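Understanding the architecture of this molecule
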Amino acid sequence: MPHTIVIFGASGDLTSRKLVPALASLHRAGALPPGTRVVGFSRTPMSDGAWREALAESTARHSGAAFDAAAWGTFAAGIHYQPGDIASPADMEALRDRLDALEGPGPVTRVYYLATAPQFYEPVVAELGRLGMADEARGPRRIVVEKPFGTDLESARRLNLHLHGVFAEQQIFRIDHYLGKESVQNIIALRFANTIFEPVWNRRYVDPVQITVAEEVTVGRRGAYYDGAGVLRDMFQNHLLQLLMVTAMEAPVRYRATAVRNEKVKVLEAIRPLDDAAVAAAGTRGQYRGYLAEPGVAPGSRTATFGAIRLHVDNWRWQGVPFYLRSGKAMSCRTTQIVVAFRQPPLELFGDGPHRATPEGNRMVIQIQPAEGIQLHFHTKMPGGGMRLRFTDLDFSYSREFAGRLPEAYEPLLLDVMAGEASLFARADEVEKSWEIIDPFVRCWSAADAPVDTYEPGDWGPASSAAWIAAEGRSWFDTCPVL
Ligand code: BG6
């Protein structure tokens, strides 16, 4: 069956930086279903040809050496543009008619992609409903909703209600591009396709788990958006909680959307609710020096650009094991890693004084980016007399193991939407639960008298972050990419 991908917000950044390069790359690899067409909708007046040209240039820029002009030519023949305003019923009707004309009478899978600013989500959905465009009589109709999915629990609930007024839950794909990253999906393979890790993946052996998404970039030109969001809404409610869920979930009974998502939601349901005093003690935050001078940032803003929080997953597997989640802009390097720290051996047998074993326990470092892979840290006897030990490691690196480029996160996710496979997309209850966990931190951190510490760009957050984790009796794994 042919596919039509209708992009609302066609002239925006997401379309040119991510969506179209991902689709072009899938086309080049022969992975796009035959007869896939893309229809862009936004207010900028443009012809099909002008949009194709603009996209050729931006796709070449974003794809670098992977850009293939010949393959682009055949892909671009299926690209169309319909100028119009979401707020104009006549323009939306013109879009409907254009889609019908392009598709003809046969069945077509249609994917509506909301790549607009979030305030347009509800108006687009309302219009799609009014025009009967969610009706599946002529093939599946799906809708992809980008983040941010609301700004708190209440707005997320409202948006879910609104979506459910027009689309059934199985037609809705709430995207989080972190779940499209190879190394995130590999956590599920690592845990559930092997028998050697699962037996130690629990409170008897693990303490703690640290999940860090450090970015070197500053907020740059996104100040106006970011200042209202801050690191909790921008990174924690979605990406960090997704990483937590795949790290902590139980094995699903089968690898299917409902089973996977049930297990993920159970993790969120097990997260210990905190009262206000506990929330204040369960996190620390900061703002990089220079943030206030970024365009779009309010004078005197106290928005956190760095945050760290502690969550407890109160279930049989994880009771008592803290999960530390941390993320920031303008940090020392770009690295996303999950560090599963194992407990100390019960006895320190070897040596004393300078020969004593280091107090470090074993660690598994799952590195999501920039390079993807896994590193296992353990003690080894050094050659020569005596039991002198050194911490050493075993590596698995995607780039060493598999030739060729890894797909960009949007590529597998777009294919999944076209196929109707929802395992890697958030369900309504999942996003609502996520907000329920993050909202108390947002409220606490934005309370008028709460101080915000600063840090120098290039640091691992403010000094108070190291002090906070030390007070927790632990230390951060402040290591730039291990692979
Ligand atoms: C986005 C956030 O969702 O994720 C950005 O809005 C952030 O602020 C980005 O930079 C990080 O994504 P990645 O894939 O570069 O880690």
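Structural data are supplied above this passage.
Now for a description of the structure that goes with this document. Just so it is clear, the structure is predicted and the values come from calculations on it, not from any experiment.

Moving on, we come to the sheet that holds strand 13 (residues 373–381). Across a sheet, strands are paired by hydrogen bonds formed along the backbone, either parallel or antiparallel in direction. Here we have nine strands laid out as an open sheet, ordered 14-13-12-11-7-10-9-8-15, and mixed in their pairing. Whereas interior strands pair on both sides, the edge strands pair on one side only; in this sheet they are strand 14 (389–397) and strand 15 (453–455). Ignoring strand direction, the axes of neighbouring strands in this sheet form an average angle of 20 degrees. As paired elements, strand 11 (residues 335–342) and strand 12 (residues 363–369) share six bridges and run antiparallel to each other. Bridge assignment links T336 to a residue of strand 12, and that residue is Q369. The sheet contacts of helix 13 (residues 428–445) involve strand 8 (283–288) and strand 9 (306–312), and relative to strand 9 the element is tilted by about 135 degrees. The strands touched by helix 14 (residues 463–471) are strand 8, strand 9, strand 10 (322–328) and strand 15; relative to strand 8, the strand with the most contacts, the crossing angle is about 165 degrees.

Describing an aromatic ring pair means giving the distance of the ring centres and the angle of the ring planes. Overall, the coordinates contain 18 aromatic pairs when judged by the stated rule. Measuring from ring centre to ring centre gives 6.4 Å for Y288 and Y455, while their planes differ by 70 degrees; the resulting arrangement is edge-to-face. Of this pair, Y288 sits in strand 8 while Y455 sits in strand 15, and the two are 167 residues apart along the sequence. By relative accessible area, which is 2% here, Y288 ends up buried. On the basis of relative accessibility, which here comes to 1%, the residue Y455 falls in the buried class. Relative to F402, the ring of Y398 lies with its centre 5.5 Å away and its plane at 45 degrees, an arrangement referred to as tilted.

The next subject is the sheet that holds strand 1 (residues 3–8). Taken together, the six strands give an open sheet; going across it, the order is 3-2-1-4-5-6, and neighbouring strands pair in parallel fashion. Two strands bound the open sheet, and with one partner strand each, they are strand 3 (79–83) and strand 6 (172–174). Strand-to-strand, the axes of this sheet are offset by a mean angle of 20 degrees, without reference to chain direction. In this fold helix 1 (residues 13–28) packs onto strand 1, strand 2 (36–42) and strand 4 (109–114), with an angle of close to 170 degrees to the strand it touches most, strand 1.

Turning next to helix 9 (residues 257–270). An ideal rise of 1.5 Å per residue puts 20 Å on 14 residues; helix 9 measures up with 20 Å between its terminal C-alpha atoms. Among the 14 residues in helix 9, 10 count as buried, and that is most of the element. Every buried residue belonging to helix 9 is among A257, A259, V260, R261, E263, K264, V265, V267, L268 and A270, and all of these are buried. Packing partners of the buried residues in helix 9 comprise helix 8 (223–248), strand 9 and helix 13.

What follows deals with unusual backbone geometry. If a residue is not glycine, its phi is most likely negative; likewise, a peptide bond is most likely trans. The omega torsion across K147 and P148 is 0 degrees, close enough to zero to call that bond cis. Looking at the element boundaries, P148 is found in the loop between strand 5 (141–145) and helix 6 (153–164). The linkage connecting D207 with the following residue, P208, adopts the cis geometry, with an omega of -5 degrees. Mapping P208 onto the fold places it in strand 7 (residues 206–214). At A330, a residue that is not glycine, the phi angle is positive and equals roughly 55 degrees. If you trace the backbone, A330 turns up in the loop between strand 10 and strand 11. Residue classification places A330 among the buried residues on the basis of a relative accessible area of 2%.

Here a disulfide denotes one covalent bond, and it connects the sulfur atoms of two cysteines. Applying the stated criterion across every chain, the model contains one disulfide. The disulfide partner of C333 is C480, and the gap between their sulfur atoms is 2.2 Å. Disulfide C333-C480: the torsion about the S-S bond is -100 degrees, which places it as left-handed. Here C333 is found in the loop between strand 10 and strand 11, whereas its partner C480 is found in the segment after helix 14, with 147 residues between them in sequence. According to the relative accessible area criterion, C333 is buried, its value standing at 8%. Residue classification places C480 among the partly exposed positions, given a relative accessible area of 31%.

Let's shift gears to the site of the ligand. Neighbouring residues of the ligand: K147, H177, Y178, K181, E215, R222, D234, M235, H239, K329, R334 and Q369. In the model, an oxygen atom of the ligand is placed 2.6 Å from a nitrogen or oxygen of the K329 side chain. Protein chains bury 81% of the 400 Å² of accessible surface belonging to the ligand in isolation. Looking at the shell around the ligand residue by residue, the classes come out as two nonpolar, three polar and seven charged.

We now examine the packing of helix 5 (residues 121–130) against helix 6. Where helix 5 contacts helix 6, the two axes come as close as 9 Å, and the packing angle between them is 15 degrees. It follows from the interaxial angle that helix 5 and helix 6 lie roughly parallel. Considering the relative orientation of helix 5 and helix 6, their crossing is left-handed. Along its contact with helix 5, which presents Y121, E122, V125 and A126, the element helix 6 presents R158, L159, H162 and L163. Classifying every residue of the contact of helix 5 with helix 6 gives five nonpolar, one polar and two charged.

The next thing to look at is the pattern of salt bridges. Enumeration according to the criterion identifies 31 salt bridges in this entry. The partner of E57 in a salt bridge is R61, with the nearest N and O atoms 3.0 Å apart. Here the residue E57 and the residue R61 both occupy positions in helix 2 (residues 48–63), the gap between them amounting to four residues, near one helical turn. Exposure remark for R61: the relative accessible area of 52% places this residue in the exposed category. Across the salt bridge formed by R110 and E103, the nearest N and O atoms sit 2.8 Å from each other. With relative accessibility at 2%, the residue R110 sits in the buried group. Taken together, the shared-partner salt bridges in this structure form one network comprising K147, E215, R222, D234 and K329.

Once that is clear, we can look at the pairing of strand 2. Counting buried positions over the seven residues of strand 2 gives seven, a clear majority of the element. Taking every second residue as pointing to the same face, both faces of strand 2 are buried, with T36, V38, G40 and S42 on one and R37, V39 and F41 on the other. Where strand 1 and strand 2 come together, six bridges link them in parallel fashion. Bridge pairing in strand 2 places T4 opposite R37. Once the chain exits strand 1 it traverses helix 1 before rejoining the sheet at strand 2, and the crossover so formed is right-handed. Bridge analysis of strand 2 against strand 3 gives five bridges, and the strand direction is parallel.

Here is what the cut-offs are and how they apply
- Residues numbered from 1 in each chain as written.
- Predicted model: local features only at pLDDT ≥ 70, side-chain atom pairs only at ≥ 80, totals over all residues.
- Heavy atoms only, no water.
- Pairing = 2+ DSSP bridges.
- Helix = DSSP H or I, 4+ residues; strand = E, 2+ residues; numbered from the N terminus.
- Axes fitted to C-alpha atoms, helices over the stretch in contact; angles between N-to-C directions.
- Contact = heavy atoms within 4.5 Å.
- Phe/Tyr/Trp six-rings, centres within 6.5 Å; stacked < 30°, edge-to-face > 60°.
- Buried < 20%, exposed > 50% of the residue type's maximum accessible area, 1.4 Å probe, protein only.
- Expected span 1.5 Å × (residues − 1).
- Disulfide = S-S within 2.5 Å.
- Near = heavy atom within 4 Å.
- Polar contact = N/O pair within 3.5 Å; in protein donor to acceptor, adjacent residues only side chain to side chain.
- Areas by Shrake-Rupley, 256 points an atom, 1.4 Å probe, with all protein chains shown as cover.
- Nonpolar A, V, L, I, M, F, W, Y, C, P; charged D, E, K, R; others polar.
- Parallel < 35°, antiparallel > 145°, perpendicular 65-115°, else oblique.
- Left-handed = near helix turned anticlockwise from the far one by under 90°.
- Salt bridge = Lys/Arg side-chain N within 4 Å of Asp/Glu carboxyl O.
- Right-handed = clockwise from strand over helix to strand, strands pointing away.

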